[in-house]
Amino acid sequence: GEDLGTERWIAFYDIFVRHAFGNFFDLLKEVSYSPVMGHWLTYLGLESHGSSGKFPDENYAREIMQLFSIGLWQLNEDGTRMLDGAGQPIPTYDDHDIVTFARAWTGFRQPDSRGGLESDTGGTLRTNWIDPMPISPQFRDALPKMDLHDGYIGDGYPLCADLPPRAFLRMGARFVRRAAQAETDVAVLQPRPASSALYAVLCAQADGRCTFPSTLELSANLVCDDAECTLAHLDA
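A brief look at the structure comes next. (Residues numbered from 1 in each chain as written. Predicted model: local features only at pLDDT ≥ 70, side-chain atom pairs only at ≥ 80, totals over all residues. Heavy atoms only, no water.)

## Looking at the nonpolar core
- Residues Val31, Met37, Tyr43, Tyr60 and Trp105 are the most contacted members of the largest nonpolar core, which totals 23 residues.
- The element contributing the most residues to this core is helix H5 (residues 59-66), with 4 residues.
- Counting 7 residues, the second largest nonpolar core, distinct from the first, contains Phe175, Leu198, Leu216 and Leu218. (Core = buried A, V, L, I, M, F, W, Y, C linked by side-chain atoms within 4.5 Å. Buried < 20%, exposed > 50% of the residue type's maximum accessible area, 1.4 Å probe, protein only. Helix = DSSP H or I, 4+ residues; strand = E, 2+ residues; numbered from the N terminus.)

Rendered as structure tokens:
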């Protein structure tokens, strides 16, 4: 049997374990950021037309709709197909939508290697198939993209510039634990354990010890402490 590559598939399987009784949106998002899926459905390393001079691969743009979410046909509440005036099934998307959505999957790259990863070949090469794929802005298609309802992807979401100061301390702010600081180039806020209300919530103490849940949403507004008070927004 093939022993190499076991770790990546176990980690990929664990995504479904984590979200088995959770939110489908969260499941689909984590699957989409997985380098295993990016490699499998060929959007890992895709570049925008402006960067590469080529139209991006449409594989995942199609499969995420056809196989993972809305399917091929619009459906009635009872699961039967909706029909148009001529009695024909109404498709959920067309080729134009696929071309547009393909641009949304540009810029994803292989996560940087780090310690604690399985060897690719039994040697020192350790490709990171575990951590979420980061996005390289220089290869990302930054232009607007139409959605399926004659609007634009992202309509309805507030711009970062429109958020109130220190929105990360307001009720509804959501925190997701990712990599440790040593595994990322992004500067991070470090709340003070002794005085920060944010730290106390993120700690989620139980039996005298912090549990640091992987996902947490603030249930109330928090008062800022020290460096938190100097930040208008958190970038990541």
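## A look at helix H1 (residues 6-18)
- Taking 1.5 Å as the rise per residue, H1 with 13 residues should run 18 Å; its terminal C-alpha atoms sit 18 Å apart, in good agreement.
- Of all the residues in H1, the buried ones are Ala11, Phe12 and Ile15. Axial view of H1: buried residues confined to an arc of 100 degrees, hence all on one face.
- Tucked into the core, H1 has its buried residues touching helix H2 (24-33) and helix H3 (35-40). (Expected span 1.5 Å × (residues − 1). Arc of directions from axis to C-beta. Contact = heavy atoms within 4.5 Å.)

## Some words on the environment of Leu143
- For Leu143, the position within the fold is in the loop between helix H6 (95-102) and strand E1 (174-176).
- Expressed as a C-alpha distance, the spacing of Leu143 and Leu218, which sit 75 residues apart in the sequence, is 32 Å.

## Here's the deal with the packing of H5 against H6
- The N-to-C vectors of H5 and H6 enclose an angle of 120 degrees; their axes lie 7 Å apart at closest approach. The angle between H5 and H6 falls in the class oblique. The element H5 and its partner H6 pack so that their crossing is right-handed. Between H5 and H6, the contacting residues are Ala61, Arg62 and Met65 on the first element and Ile98, Phe101 and Ala102 on the second.
- Of the residues in the contact of H5 with H6, the class split is 5 nonpolar, no polar and 1 charged. (Axes fitted to C-alpha atoms, helices over the stretch in contact; angles between N-to-C directions. Parallel < 35°, antiparallel > 145°, perpendicular 65-115°, else oblique. Left-handed = near helix turned anticlockwise from the far one by under 90°. Nonpolar A, V, L, I, M, F, W, Y, C, P; charged D, E, K, R; others polar.)

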